Amino acid sequence: MRKVAVTPVRVSGAALLAIAGAMLISSVVAAVDGGGAGFDLLVSALITASIGCALFYGSTVSPTADSALAFASVAWSWVAVSVAGALPFLLTGVIPWVRFDDALFESISGFTCTGSTILSDFTSVPQGLLFFRSMIQWFGGMGLIVLAVAVLPALGIGGLELIASESPGPTADRLSLKVRDTARRLWLLYGLLTGLISVALLFAGMSIFDAVTHAFTTVATGGYSTYGDSIAHFESFLVEAVLIVGMLYCGASFSTHWHAATAGLGAYRRVSEIRWYLWMIFSAFVLLVLVNTGELDWVDNLRDSLFYAVSLGTSTGFGTSDYIAWMPSAQVALLVLMLVGGMSGSTAGGMKVLRLQVVFRYAFRELLRARHPKAIIPIRMGRTTIEEQVAAKVVGFVLLYLGLVVIGGITLAGLGVDPVTAFSGSVSALGNAGPALGEAGPTSNFLVFPRIGRVVLMSLMLFGRLEVFPAMLMLVASFRGLSQIRRRRG
Amino acid sequence: MTPRPPVRASAPALLHRLTAKVLAGSGSFIQRLCKGKLESASGVTVGAVWVLTAPVFFLCAAVDFLDGGPDYFPLLVSGVIVEIAGLVVVRFGRFPSELPISRLFVAVVSGALAALSAVTFAHLATGTSIAVDVALVEAAATITGTNATTVDAESLSLGMISFRALGQWLSAAAMIVVLVRVLPHLGVGGLDADGGVSTRSARRLAPRSGSTMARLMSVYVGLTGLFAMAYLLAGMPWMDSVIHALTTLSSGGFSTRSGSIGSFQSGAIEWVAILGMLVAGTSLPLMFRAMRRADLHRFIRSIEFRVYIGMVLVVVVAILAWSGEWPTLASTRHAIFATTSAISTTGYLSSGLGTVPFGGEALLLVLMVVGGMSASVAGGFKVMRFMVLGQYIRRELTKSIHRSAVGKIHLGRSSIGETALARIIGELFLATMILVPVVLLFAADGLGVEGAFTFAVSSLSNVGFAFGDAWPLGHLNSLGALGHLSATFLMLVGRISITPVLVAMGGIGEPTQRTIRRWRLTKRDEIVR
């Protein structure tokens, strides 16, 4: 059989195979639970696996490899798994076929670790499907391509570029000389953390099912819960404490965690980004406490302020109360947290603290240059000097990111959504946070947006998870690839 | 030898000569005065601002006296005090022979603060505002050309209305000086100079900055006169015409009526205002060149002008499309009015601004941020800077694919240097950093999320109206003292640009910084030992 030499097809096939695995595990969970949906999940797994096999074994990697191809491969594979992830929602009948776009919304929100939902009645959703919903966030958190590079030697395409296209942050940190080892180590740490959080949640009083599903979505900073009222359902301080620690840990860089685990805690001290990250969340917490003083009793104030500062500062999106009832300044602070997000190299979304740092330094350098026009001032962060090229890339990213927030907000407002909901929805979707402000608060769902508006939000979620550039270049590279194929045939 | 035929001077040429003489006269008057021993650019600027502002007090006192208003005496007395204070400061000061950029920025900020204090004094003396914070924010709105106010325009005396309108007009005239002398040091936004960039719409008009300034000023004065006539012909009473011409061409926005232009309930007046606002947001050098040669093609050839008009058209079409009704002449006029009011940062309100759909609100907010063309008197970040940022993003996207690509950014036939590019980006980020804490403060001081954000953007862009619960002009009334002070700061930052303000603040705090640096170095030495 003649194989098609198109890398994006092969990578998409590998990603689909991984998702088929997730569906299979979920069908086993559904069968054990006996709440239904086991067969539908199995059918979904078979369909996805068949398509995945066809794509994977029917194609090979392109003879020429460049960054555009890596971008396109990652972006197209994310589109493929998002479509496949919608299948179980439709086959189980939780979302009817006529609302295919809503199933896609739930799937994209899951894979991108956004956590926004269109489901309102969680009691009628089978446990197996809720497990699958949490599991897709877990897969999306560390990245499917990272997983594929780690476990599939036959993928035939390696390289840091592919991982860098998927990993959050301006650069991908190598943990080993071999890219495959880097991917394996990342997934090992990720798996260990999931296990640890599951056990901690179990001890905090959750059932095994809840502990595992919430551990999946905590470590991925996704925010899907198995209950409509999210973490408020448990009414447990201990559960909240475990989740706060889990979210805070997973909102920080995984490569720094690896270095700390192998070379000692001094690794944290060497990274200036972690100081900024912790300071930002702490400042937000203090601000929220100050603003809510007099509005909430002091125990609730401390508890909710800390939970939301961490939950939105890491773009997880778990909820314990309705912050829409809080003072406007508290809501503005939460919006800023959603915009910035967690650390680079973590599973968190948002613009990333590292980029904020670079932008700060860049702006202050220009201020110094305005005073001393001939001075040569490098951009330093801690002991590291940031190269001009990296700084330019970061600045370009931030500008594009803010531009997308504005475009998304305008489009949603143009569809009749009030400006606060529209712009906060745009920030939340692009930052993969989950809840927004206005009508789309933590106790509401995203059905408040019109149908086309939800399509806009889906695109923003994908743009946000893929860190904008790969998603933008996906189309460019694809068109270029198509024209190359046409030229070859001609 | 045959005698040269007598040259018939045209009205624009006469206006230019007159403006040049007034400018040169004021300059030499100040130079003659400052013969003191204290070498200080800031001192001289403060004194000069006070000395040259005082005649405005006298003029408005005379207007109020003739109208039989109550404010002529307080205006006269405060004018005398400001004049004397100015003369004293100028007399003891001397302009330094060398002026580094940081000192220049400090002088500009000092000048703005001097104008702010004089106008605050007038507001307190006449009883227009009783509280200092309210007087400060009213003064800031006056000198920055922002249509944000806590007072009902119809309750003000004619003297005070004229004073506020003249204040807006003169501050925009002072902006022309800043455009020629200061902004070039910051890259685009002003006229071209070393390190700066410009498209054809923002080139110098003459080798000497004084001549350029005189030419631009004559365009500004001439257009103000023309629009006063146009308002009069459209059916506005003559005093209202003059005041509205002053606040239209300066993109200020103050009106004689509490309902702004909409109070006149006249389509013709609104069309004149629309044209005036468009002109206020257009580059002055571009208009000078086009008018001198009667060559309207210059506008079409300017890429920045095309984008400026294109944005207006796109937003008008979007507002009409999103309104959910079939467009009529009146709704089209209201949409164009709101769009031009936002992009030119004038802040006028028409009778139909209450019907803007949500999407339209969002677009108007974006236009406020964008602002007018570079080298215009409008506020905002300026069209050209956003065009440059767009090109920058495109270049970075290209570089993601082609790592070693060297991309030069071009706007039309002009190329943008890396230094200017970095300055534009730095300016945008610094403005955002200032904006976020102020939004938090506004939200804590009495505004809702939407009101806080839109009013902060509106203040920074010197527009005035904003959205949310207190819309269109109730935001200042909803804020407390801290909110008023923050709004004052934002308006000033928006007018002067963030970099000069921060550099000036850094200049003031330089001795402290030096001490801290020395202390840190000593500490490090001790640790090393």
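Heads up: the structure comes first, above all this text.
All figures in this text were calculated on a predicted structure; none of them were measured in a lab. (Residues numbered from 1 in each chain as written. Chains lettered and ligands numbered in written order. Predicted model: local features only at pLDDT ≥ 70, side-chain atom pairs only at ≥ 80, totals over all residues. Heavy atoms only, no water.)

Peer 1: For this particular structure, what's the right way to read the overall build of chain B?
Peer 2: Looking only at helices and strands, chain B has 21 helices and four strands in total. Looking at chain B residue by residue over its 529 residues, the buried ones come to 57%. Within chain B, residue pairs in contact and separated by at least 24 positions form 71% of the contacts whose partners lie at least 6 positions apart. (Helix = DSSP H or I, 4+ residues; strand = E, 2+ residues; numbered from the N terminus. Buried < 20%, exposed > 50% of the residue type's maximum accessible area, 1.4 Å probe, protein only. Contact = heavy atoms within 4.5 Å.)

Peer 1: Looking at this structure, how should I read the overall build of chain A?
Peer 2: Assigned secondary structure in chain A consists of 20 helices and four strands. For chain A, the proportion of its 490 residues judged to be buried stands at 60%. The contacts of chain A with a sequence gap of at least 6 include a subset with a gap of at least 24, amounting to 72%. Taken as a whole, chain A presents about 18600 Å² of accessible surface, with 67% of it coming from carbon and sulfur. (Areas by Shrake-Rupley, 256 points an atom, 1.4 Å probe, with all protein chains shown as cover.)

Peer 1: Would you mind showing me how to read unusual backbone geometry here?
Peer 2: Both trends apply: most residues other than glycine have a negative phi, and most peptide bonds are in trans. Notably, Lys352(A) is not glycine yet its phi reads approximately 85°, a positive angle. Mapped onto the secondary structure, Lys352(A) falls in the loop between helix 15 (328-340) and helix 16 (353-371). We note that Lys382(B) has phi near 90°; this positive angle belongs to a residue other than glycine. When you line up the elements, Lys382(B) lands in the loop between helix 14 (358-370) and helix 15 (383-401).

Peer 1: In this structure, what is going on with the nonpolar core? I would like to understand it.
Peer 2: Most often, soluble globular proteins keep nonpolar side chains buried together rather than apart. In this structure, Leu457(A), Phe163(B), Tyr231(B), Phe442(B) and Phe455(B) are the most contacted members of the largest nonpolar core, which totals 291 residues. It is helix 16 (residues 418-444) of chain B that provides the largest number of residues to this core, a total of 15 residues. By size, the runner-up hydrophobic cluster in this structure holds seven residues, among which are Leu33(B), Cys34(B), Val44(B) and Val51(B). (Core = buried A, V, L, I, M, F, W, Y, C linked by side-chain atoms within 4.5 Å.)

Peer 1: What exactly am I supposed to notice about the interface of chain A and chain B here?
Peer 2: One widely used convention gives an interface's size as the accessible area the parts lose upon coming together. Each partner contributes to the interface: chain A provides 46 residues, whereas chain B provides 43 residues. Here chain A packs against chain B, burying approximately 3800 Å² in sum over the two surfaces, 77% of which is carbon and sulfur. The three residues of chain A that bury the most area against chain B are Leu367(A), Arg371(A) and Leu399(A), which together make up 17% of that side's buried surface. Linking chain A with chain B are zero salt bridges. There are three residue pairs in polar contact (both at pLDDT 80 or more) connecting chain A and chain B. (Buried area = accessible area lost by both parts, 1.4 Å probe. Salt bridge = Lys/Arg side-chain N within 4 Å of Asp/Glu carboxyl O. Polar contact = N/O pair within 3.5 Å; in protein donor to acceptor, adjacent residues only side chain to side chain.)

Peer 1: Help me understand a nonpolar patch on the surface, please; the structure alone is not making it clear to me.
Peer 2: Residues and elements named next belong to chain B. A cluster of nonpolar side chains, namely Phe65, Leu66, Tyr72, Phe73, Leu76, Val77, Val80, Ile81, Ile84, Val88, Phe92 and Phe121, defines an oily patch on the protein surface of about 1200 Å² accessible area. When residues of the nonpolar patch are traced back to their parent elements, those giving at least two are helix 2 (41-67) and helix 3 (72-92). Per-element tally for the nonpolar patch: the top contributor is helix 3, with nine residues. Tracing the backbone shows Phe73 in helix 3. (Patch = residues over 30% accessible without salt bridge, like charges linked within 9 Å, V, L, I, M, F, W, Y side chains within 5 Å.)

Peer 1: Hey, could you run me through the environment of Arg413(B) in this one?
Peer 2: Residues and elements named next belong to chain B. Mapped onto the secondary structure, Arg413 falls in the loop between strand 3 (409-411) and strand 4 (414-416). Given a relative accessible area of 69%, Arg413 falls into the exposed group. Sequence separation between Arg413 and Ile303 is 110 residues; the distance between their C-alpha atoms is 9.3 Å.

Peer 1: How should I be thinking about the packing of helix 15 of chain A against helix 18 (residues 419-430) of chain A in this particular structure?
Peer 2: All names here are of chain A. Orientation of helix 15 relative to helix 18, taken along the N-to-C sense of each, is 35°, at an axis distance of 8 Å. In this structure, helix 15 meets helix 18 at a crossing whose hand is left-handed. Counting all contacts with helix 15, which are made through Leu335, Met338 and Leu339, the residues of helix 18 involved are Ser424, Val427 and Ser428. Here the contact of helix 15 with helix 18 is built from residues that sort into four nonpolar, two polar and no charged. (Axes fitted to C-alpha atoms, helices over the stretch in contact; angles between N-to-C directions. Left-handed = near helix turned anticlockwise from the far one by under 90°. Nonpolar A, V, L, I, M, F, W, Y, C, P; charged D, E, K, R; others polar.)

Peer 1: In this structure, what is going on with the packing of helix 16 of chain A against helix 17 (residues 388-414) of chain A? I would like to understand it.
Peer 2: Any two packed helices are characterised by the angle at which their axes cross and by the distance between the axes. All names here are of chain A. Where helix 16 meets helix 17, the closest approach of the two axes is 10 Å, and the angle between their N-to-C directions is 105°. Comparing their axes, helix 17 and helix 16 come out roughly perpendicular. Counted together, Arg355, Val358, Val359, Tyr362 and Arg365 of helix 16 and Glu388, Ala391, Val394, Val395, Phe397 and Val398 of helix 17 form the full contact between these two elements. The class makeup of the residues in the contact of helix 16 with helix 17 is eight nonpolar, no polar and three charged. (Parallel < 35°, antiparallel > 145°, perpendicular 65-115°, else oblique.)

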